[in-house]
Amino acid sequence: MDGILAISQRIAQIEATLSLISVPRVRPGAGSGTAFSEVLASAVADTAPTVAAGASNLGGSGFRVNGDGVPVDLAAHGNGRIPREALEPVGATGHRLWAPAARSFERLLSAAAAEGVAIGVTDSYRSYDVQVDVVRRKGLYSQGGLGAKPGTSQHGWGMAVDLDLDASAQAWMRTNAARFGFVEDTPREPWHWAFQPS
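Residues numbered from 1 in each chain as written. Predicted model: local features only at pLDDT ≥ 70, side-chain atom pairs only at ≥ 80, totals over all residues. Heavy atoms only, no water.

Let's talk about the packing of aromatic side chains
Reasoning step 1: Scanning the entire structure with this criterion turns up four aromatic pairs.
Reasoning step 2: Among the aromatic residues, ring-to-ring pairing joins Trp-98, Phe-105, Phe-182 and Phe-195 into one connected group.
Reasoning step 3: Its guanidinium or amino end placed over the ring of Tyr-128, Arg-81 lies 4.4 Å from that ring's centre, counting from NZ or CZ.
Reasoning step 4: Taking the ring centre of Tyr-141 as reference, the NZ or CZ of Arg-188 above it sits at 3.9 Å. (Phe/Tyr/Trp six-rings, centres within 6.5 Å; stacked < 30°, edge-to-face > 60°. Lys NZ or Arg CZ within 6 Å of the ring centre and 35° of its normal.)

With respect to helix α6 (residues 167-176)
Reasoning step 1: Taken as a whole, α6 has its buried residues at Ala-169, Gln-170, Trp-172, Met-173 and Asn-176. End-on, the buried residues of α6 take up no more than an arc of 160 degrees, which puts them together on one face. Residues Ala-167, Arg-174 and Thr-175 are exposed on α6 and point more than 90 degrees away from its buried face. (Buried < 20%, exposed > 50% of the residue type's maximum accessible area, 1.4 Å probe, protein only. Helix = DSSP H or I, 4+ residues; strand = E, 2+ residues; numbered from the N terminus. Arc of directions from axis to C-beta.)

Remarks on the sheet that holds strand β5 (residues 182-183)
Reasoning step 1: Taken in spatial order, the four strands make up an open sheet running β3-β4-β6-β5, and their pairing is antiparallel. In this open sheet, the two strands that pair with only one neighbour each are β3 (120-123) and β5. (Pairing = 2+ DSSP bridges.)

Description of the side chain of Glu-189
Reasoning step 1: Relative to the assigned elements, Glu-189 resides in the loop between β5 and β6 (192-195).
Reasoning step 2: Buried and without a salt bridge, Glu-189 has Arg-188 as its closest oppositely charged side chain, separated by 5.7 Å.
Reasoning step 3: Once residues within four sequence positions are removed from consideration, Glu-189 is found in contact with Tyr-141 and Leu-146. (Lys, Arg positive; Asp, Glu negative; His and termini not counted. Salt bridge = Lys/Arg side-chain N within 4 Å of Asp/Glu carboxyl O. Contact = heavy atoms within 4.5 Å.)

See below:
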């Protein structure tokens, strides 16, 4: 009987949350998986608990991450399953990131270039399949390799870049990257820089 009571209470909580969600009207026949995913992403963004919210000098105003540090506007898609159009290009590099990370990284690249420092980008967003391939080729990080367990990579959220850095560029990054929200957070990988909004 306690199980039924607990389920009933959880259903009531869910119904209360759903009653707070404002769902845009979609004309019949015009809807698709895209319309549903947009409504779902919006609903998740409006109801998810946040660690960081509001204005930030790192990625613009209004971005939010959930309790796991995952952007709420991407959480509904899943790590490594984010559609191309949900990510923003990083200048003319051919790479894509979560929009706040992309904008902040572009500012980082401009600041470095203004000081005569060249920073190359070798990797950014990784799909789940690419994450699997990285582990196949380079091994799991936890076992001495270089790949995160597929589905857990910061690259899979569009929140990390791998960079081509000479000694002066590496020194510049270590001195300046934090101003743009990027940190060198993976031992054994001095090329890996993750965006950590605050």
